[in-house]
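# A look at the structure
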Amino acid sequence: MELLQRRETIIRQWFSMWLTGQNSGLENIFSPDATYVESWGPEYHGIGAIKFWFEEWNTRGTVQQWDIQQFFHKGDQTVVQWHFQCQLSGEPSQSFDGLSLIRWNQEEKIGFLQEFGCNDKRYDPYADGPVPVFRDEPALWL
């Protein structure tokens, strides 16, 4: 159980860094050759690229909320279910639900992380009958 608690602490530290906008130890979280895949497409290879992205993103945006709902562990993998909200400079705040699939390396650092996002503005297109009524709005980045 101690191993799983350590992994959860590392993930909480990563989320907390986004909430503060401060790099408080990326090297303690990610392996040097880590891969990070965002839910909408960008992919970063290596701790240097992850650090650059983190620092650059925080010059133009603010993470307002990143709440962990639950963890799932199996072998060298962890899945985290979460809710995220941010605001980029000059844009309205946006939020979504998501999952992160994490693979740990031998040193118990994140070697691979891939995010999966889900629109949190959900609705039933069949609420008014058998013909679906979809919202007339552009799909988010998902």
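Look above for the structure.
It should be emphasised that the depicted structure is a prediction, and the values quoted were computed from it without experimental measurement. (Residues numbered from 1 in each chain as written. Predicted model: local features only at pLDDT ≥ 70, side-chain atom pairs only at ≥ 80, totals over all residues. Heavy atoms only, no water.)

### A closer look at the overall build of the protein chain
Scanning the protein chain from terminus to terminus reveals 3 helices and 6 strands. In sequence order, the protein chain lays out its α and β elements as α-α-β-β-α-β-β-β-β. The C-alpha extent of the protein chain, read off along each of the three principal axes, is 55 × 35 × 20 Å. Within the protein chain, the fraction of its 142 residues that count as buried is 35%. Computed over 11 positive and 20 negative side-chain charges, the separation of the two mean positions in the protein chain equals 5 Å. (Helix = DSSP H or I, 4+ residues; strand = E, 2+ residues; numbered from the N terminus. Buried < 20%, exposed > 50% of the residue type's maximum accessible area, 1.4 Å probe, protein only. Lys, Arg positive; Asp, Glu negative; His and termini not counted. Charge placed at Lys NZ, Arg CZ, Asp CG, Glu CD.)

### Remarks on the packing of aromatic side chains
All told, the structure shown has 17 aromatic pairs when counted by the stated rule. On the basis of an interplanar angle of 85° and a centroid distance of 5.6 Å, the ring pair of W14 and W18 is categorised as edge-to-face. In this pair, W14 and W18 both sit in helix α1 (residues 2-20), 4 residues apart, roughly one turn of the helix. Residue W18 is classed as buried on the basis of its relative accessible area, which comes to 5%. Taken together, a centroid distance of 3.7 Å and an interplanar angle of 10° make the contact between F15 and W66 stacked. One end of the pair, F15, is in helix α1; the other, W66, is in strand β3 (residues 61-74), and 51 residues separate them in sequence. Overall, F15 belongs to the buried group, its relative accessible area being 3%. An aromatic cluster of three or more residues is present, and its members are W14, W18, F30, Y36, Y44, W53, F54 and W57. (Phe/Tyr/Trp six-rings, centres within 6.5 Å; stacked < 30°, edge-to-face > 60°.)

### So, the pairing of strand β5 (residues 94-104)
Most of β5 sits out of view: 8 of its 11 residues are buried. Note: strand β4 (residues 77-88) against β5, 10 bridges, orientation antiparallel. Across the sheet, the residue bridging to H83 is D97, located in β5. Linkage of β4 to β5, two consecutive antiparallel strands, is achieved through a turn of 5 residues, within which G90 is found at a positive phi near 75°. In the sheet, β5 pairs with strand β6 (residues 110-119) via 9 bridges, with the strands oriented antiparallel. Bridging from a neighbouring strand, D97 pairs with C118 of β6. Linking two consecutive strands that pair antiparallel, namely β5 and β6, is a turn of 5 residues; a positive phi of about 60° is found at E108 within it. (Pairing = 2+ DSSP bridges.)

### Points about the side chain of E38
Note that E38 resides in the loop between β1 (30-37) and β2 (43-45). Here the side chain of E38 touches Y44 through a polar contact of 2.5 Å, side chain to side chain. Residue contacts for E38: discarding those within four places in its chain leaves Y44, W53 and E115. (Polar contact = N/O pair within 3.5 Å; in protein donor to acceptor, adjacent residues only side chain to side chain. Contact = heavy atoms within 4.5 Å.)

### Section: the nonpolar core
When a protein is soluble and globular, its nonpolar side chains tend to lie buried together. Membership of the largest hydrophobic core comes to 29 residues, with the highest contact counts inside it found for W14, W18, F30, Y36, I50, W53 and W66. If you list the elements that add at least two residues to this core, you get α1, α2 (26-29), β1, α3 (47-57), β3, β4, β5 and β6. Ranked by the residues each element gives to this core, the list is headed by α1, at 6 residues. Once residues lying within four places of it in the same chain are set aside, the contact partners of F30 are W14, Y36, I47, I50, K109 and I110. (Core = buried A, V, L, I, M, F, W, Y, C linked by side-chain atoms within 4.5 Å.)

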